[in-house]
Amino acid sequence: MNIDISTARARVVIAGAGPTGLMLAAELRLGGIEVVVVECRPAGTVGESRAPGINARSLEIFAQRGLAEEFGSRGKTLPGVLFSGLPMAPHRFDPDWPAALILPQHQTERILAARAAELGVRIAWSTAVTGLREDDDGVEVLLDGPAGPASIRADYLVGCDGGHSVVRKLCGIPFPGDEPVSFWVVGDVRLDSPPDGNGVFGRNERIGTYQISRAEPEWFRLSLMRATPPADRSAPVTLDELREVMRDGLGTDHGLREARWASHFSDGFRQVTEYRRGRVFLAGDAAHTHSPIGGQGLNLGIQDAVNLGWKLAAVLGRGADDSLLDTYHAERHPIAAAVLRLTKAQTALIKPGTQNDALRDVVADMLTVPEVCLRLSGILSRLDLRYPLGEAHPLLGRRAPDLALTTDNGDAHLFDLLRRARPVLIDLGADGLSEAFAPWADRVDLVDARLGLAESRGRWHLPVFGDVSAVDALLVRPDGYVAWVNPAARPVNRDDLVGALARWLGAARTCYAATTFGTAVRG
Ligand SMILES: Cc1cc2nc3c(=O)[nH]c(=O)nc-3n(C[C@H](O)[C@H](O)[C@H](O)COP(=O)(O)OP(=O)(O)OC[C@H]3O[C@@H](n4cnc5c(N)ncnc54)[C@H](O)[C@@H]3O)c2cc1C
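Remember, predicted model here, so these are calculated numbers, not experimental data.

So, how was this worked out
Residues numbered from 1 in each chain as written. Predicted model: local features only at pLDDT ≥ 70, side-chain atom pairs only at ≥ 80, totals over all residues. Heavy atoms only, no water. Helix = DSSP H or I, 4+ residues; strand = E, 2+ residues; numbered from the N terminus. Contact = heavy atoms within 4.5 Å. Near = heavy atom within 4 Å. Polar contact = N/O pair within 3.5 Å; in protein donor to acceptor, adjacent residues only side chain to side chain. Areas by Shrake-Rupley, 256 points an atom, 1.4 Å probe, with all protein chains shown as cover. Nonpolar A, V, L, I, M, F, W, Y, C, P; charged D, E, K, R; others polar. Axes fitted to C-alpha atoms, helices over the stretch in contact; angles between N-to-C directions. Buried < 20%, exposed > 50% of the residue type's maximum accessible area, 1.4 Å probe, protein only.

**Student:** What is the right way to read the environment of Asn356 from this model?
**Tutor:** Here Asn356 lies in helix α9 (residues 354–366). As a C-alpha pair, Asn356 and Gly208 span 148 residues in sequence and 8.6 Å in three-dimensional space. Ignoring any residue separated from it by four or fewer positions in sequence, one finds Asn356 in contact with Arg203, Ala348 and Lys351.

**Student:** Explain the site of the ligand to me, please; I cannot follow it from the model alone.
**Tutor:** If you check the shell around the ligand, you find 31 residues, and the closest are Thr20, Glu39, Arg41, Asp285 and Leu298. A distance of 3.3 Å is found between an oxygen atom of the ligand and a backbone nitrogen or oxygen belonging to Pro19. Take Gly295: an N or O atom from its main chain is 3.1 Å from a nitrogen atom of the ligand. Notes on the ligand: free accessible area 1000 Å², of which the protein chains cover 89%. Counting residues per element, the ones that place at least two in the shell around the ligand are α1 (19–30), β7 (128–134) and α7 (297–317). Residue contributions to the shell around the ligand peak at three residues, all from α7. Of the residues assigned to the shell around the ligand, the class counts are 13 nonpolar, 12 polar and six charged.

**Student:** What exactly am I supposed to notice about the packing of helix α8 (residues 326–350) against α9 here?
**Tutor:** At their nearest, the axes of α8 and α9 sit 8 Å apart, and the two run at 115 degrees to each other. Here α8 contributes Ala348, Leu349 and Ile350 to the contact with α9, which in turn contributes Asn356, Leu359, Arg360 and Val363. Among the residues forming the contact of α8 with α9, the class breakdown is five nonpolar, one polar and one charged.

**Student:** What is the right way to read the side chain of Gln64 from this model?
**Tutor:** Tracing the backbone shows Gln64 in helix α2 (residues 56–64). In this structure Gln64 comes out as buried when scored by relative accessible area, which is 1%. With residues near it in sequence (within four places) discarded, Gln64 still touches Arg57, Phe415, Leu418, Arg419, Asp479 and Gly480.

**Student:** Explanation requested: the environment of Gly159 in the structure shown.
**Tutor:** Counting through the fold element by element, Gly159 comes out in strand β10 (residues 156–159). Counting along the chain gives 124 residues from Gly159 to Ala283, while the straight-line C-alpha distance between them is 6.3 Å. Apart from the residues lying within four places of it in its own chain, the contact partners of Gly159 are Ala15, Val167, Phe281, Leu282, Ala283 and Ala286.

Right, here's the structure in full:
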């Protein structure tokens with residue numbers, strides 16, 4: 001839906017309709033918040049395969065929002081992934097999820113754009129953010145649109161405007177990191193004489209590790225290092241340039257005939273020092289950029305969006321305290337910092353040189369050990385993530401598993417209960433829960449349930465981290481992380497629960513009506 005920006009009103013303005021901006025906009029609409037997305041491109045992306053690797057945590061998030069089938073039916077699942085082109089010993093971090101789903105980025109964006117449109121997200125295309133003025137009550141976002149300069153006022157602005165973020169620059173937020181020293185080309189190409197039929201992950205002493213792999217019957221994904229930096233990194237990569245880089249690095253262009261998309265990437269790494277400044281937030285590539293080796297960027301952006309979306313909705317729509325928004329930086333900054341660290345290591349592994357060869361040999365040896373691979377895939381899939389929500393129980397701060405629940409209204413899975421992006425308090429037979437919960441009944445769905453067979457064996461398993469003792473109540477945030485737990489067979493610690501509800505949902509209120517969501521809900 002395109003909109004007339006001169007008459008638009010919004011509580012939140014999002015700069016950028018890439019995957020991060022689209023996901024965030026949909027999350028805000030689920031929370032009932034008026035949102036406008038401004039995008040400088042005239043329309044959505046077409047034909048870019050750019051970020052094809054969707055990790056297991058992003059797939060879980062899509063499942064929690066009812067998008068799993070849409071993604072699953074369009075993408076191709078991978079039972080395992082390579083680590084910088086090196087094979088990993090057979091292992092399974094979580095048998096419910098594939099190691100990755102492969103889907104071209106333009107298709108991911110199309111699914112997210114369709115969902116955003118369904119939820120009533122409005123996008124102003126051909127409209128660029130050019131300035132901002134913040135005051136005590138809000139932020140005025142200055143724009144350049146089809147009809148010339150314009151502005152829109154909102155409570156908050158979120159810069160999801162990519163690695164060259166204008167919002168970040170307008171705020172003057174530092175973006176420290178490493179300057180790039182090596183450069184690669186990447187593209188979707190047709191080859192008349194491809195290597196080994198389906199392509200290769202090859203390595204030579206001139207350009208290190210390169211990829212020429214068949215992505216679709218007619219198309220190969222090409223990624224290889226160039227001997228010299230591009231003259232202009234923002235200029236499109238031409239077919240002649242691709243040929244030259246291939247001949248230079250491989251001694252042949254493999255009959256390169258056509259490229260439907262091609263781009264540069266480098267080993268530059270940067271991360272902002274603040275994810276929030278006043279009424280302005282940064283998310284996705286606007287907050288962190290790194291080499292695409294390891295396929296983490298889009299996933300980080302989706303997960304940033306899901307962390308921030310419900311918090312903004314809670315503050316704007318449900319009276320939560322503004323300080324809730326500070327947890328966005330506290331939780332997401334360390335995650336991207338860890339991804340940058342791992343991605344740097346993976347990038348070193350693909351570079352040429354005898355030291356890198358030796359490092360590669362050592363790592364290849366380590367990757368024959370299933371426990372090492374398990375640990376690494378916990379990080380790559382982000383299923384190992386734990387936000388710092390306290391040490392009282394091993395589940396705190398971790399992703400809630402997709403519990404099979406039996407309720408008075410039938411069977412349900414936890415992920416289905418999260419589709420409206422509302423917190424869920426699951427009562428598995430705890431004593432004294434409803435009394436403590438009552439003042440928050442309008443803001444959280446209480447579900448009376450029994451555990452399905454798989455989870456009712458008395459202990460729960462956290463992949464890699466082992467078994468944890470069973471619980472009889474848990475509070476799950478809208479982003480699917482466990483915010484409070486009551487261990488089984490212990491009376492509910494009322495102060496603890498009230499503290500968690502107040503921390504994540506805002507102060508207690510007298511409630512007269514509770515919401516229902518297909519399962520038994522009390523208020
Ligand atoms: C070769 C390559 C391979 C990759 N492979 C993977 C992978 O396998 N897995 C993975 O997770 N990630 C991968 N990535 C990274 C991934 O593509 C990015 O992390 C992802 O696109 C970031 O999404 P975003 O929405 O934050 O930013 P972007 O996708 O950059 O979107 C930003 C949007 O903001 C708009 N914009 C910019 N300035 C303004 C302005 N002033 N006003 C309004 N709009 C503006 C832009 O037009 C754009 O639409 C890869 C990247 C590259 C280059």
